[in-house]
Amino acid sequence: MCMVKVDDEENDGVLVPPANFSMVEDGIFRSGFPEPSNFGFLETLNLRSIIYLCPEAYPQENMDFVDAHNIKLFQFGIEGKTDSSSTSIPSYTVTEALKVLIDVRNHPVLIHCKRGKHRTGCLVGCFRKLQTWCLSSVFEEYKRFAGVKWRANDLRFIETFEVMCLRQCLYRIIYQYQGYGSNKRRLLYGEEGIQKPKIKSI
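Calculation criteria
- Residues numbered from 1 in each chain as written.
- Predicted model: local features only at pLDDT ≥ 70, side-chain atom pairs only at ≥ 80, totals over all residues.
- Heavy atoms only, no water.
- Core = buried A, V, L, I, M, F, W, Y, C linked by side-chain atoms within 4.5 Å.
- Buried < 20%, exposed > 50% of the residue type's maximum accessible area, 1.4 Å probe, protein only.
- Helix = DSSP H or I, 4+ residues; strand = E, 2+ residues; numbered from the N terminus.
- Contact = heavy atoms within 4.5 Å.

Undergrad: Give a detailed account of the nonpolar core, specifying residues and quantitative values.
TA: Counting 50 residues, the largest nonpolar core has Ile51, Val94, Leu101 and Leu123 as its most contacted members. Examining the composition of this core, we find that 6 residues originate from one element, helix H4 (residues 118-130), more than from any other. Once you skip the residues sitting within four places of it in the chain, Ile51 turns out to touch Phe74, Phe76, Ala97, Val100, Leu101, Val109, Leu110, Ile111, His112 and Leu123.

See the structure below:
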């Protein structure tokens, strides 16, 4: 649960997080679409990047906020689906989004779609598979954020998503725990002379 800071003098001191906001890992956050009323809260995260999972153009007021705080915006236009939709989430797009997500140069990073439930849940679920979480835990986390509107198609996508191809195309990037503070999970390149993947906005 997110703590809200309140100024004792004025209500203007209230910091309001976006809907469905939560920390995924140290330096990685998820939420629904940020509204202008959430900008004060987002400032406290000191974001370097935002991963936006909708095809619609980013609203101008959100772009102004991103520009003013020197935040990189990575947009991956995944269409919203229904549980009866025959069109699946594109694996390639999720793979590209994961490349951005696990690059610590982009942290702190916020992942969001419209509600922070389905598209965000799928990306986080695939990230959890990369972390070698068991599927039952991945599904429980997805359903916790999706609520009664969880989708069987999303769970099938997460289950069948192949993380090995991601590991290969990231040139043997590996996770290692650092021995300071909160055991922050970070990424290190497996070899010093290896070519690093190029990350760019979509």
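Undergrad: Can you break down unusual backbone geometry residue by residue, with the values?
TA: Of note, the amide linkage connecting His107 to Pro108 takes the cis form, showing an omega dihedral of -5°. Locating Pro108 in the fold gives a position in the loop between helix H3 (91-101) and strand S5 (109-112). Backbone geometry at Asn20 places phi at a positive 60°, although glycine is not the residue there. Counting through the fold element by element, Asn20 comes out in the segment before strand S1 (22-25). For Asn46, which is not glycine, the phi dihedral falls at a positive 55°. Along the chain, the position of Asn46 falls in the loop between helix H1 (39-43) and strand S3 (49-52).

The values reported here are purely geometric and, on their own, carry no functional implication.
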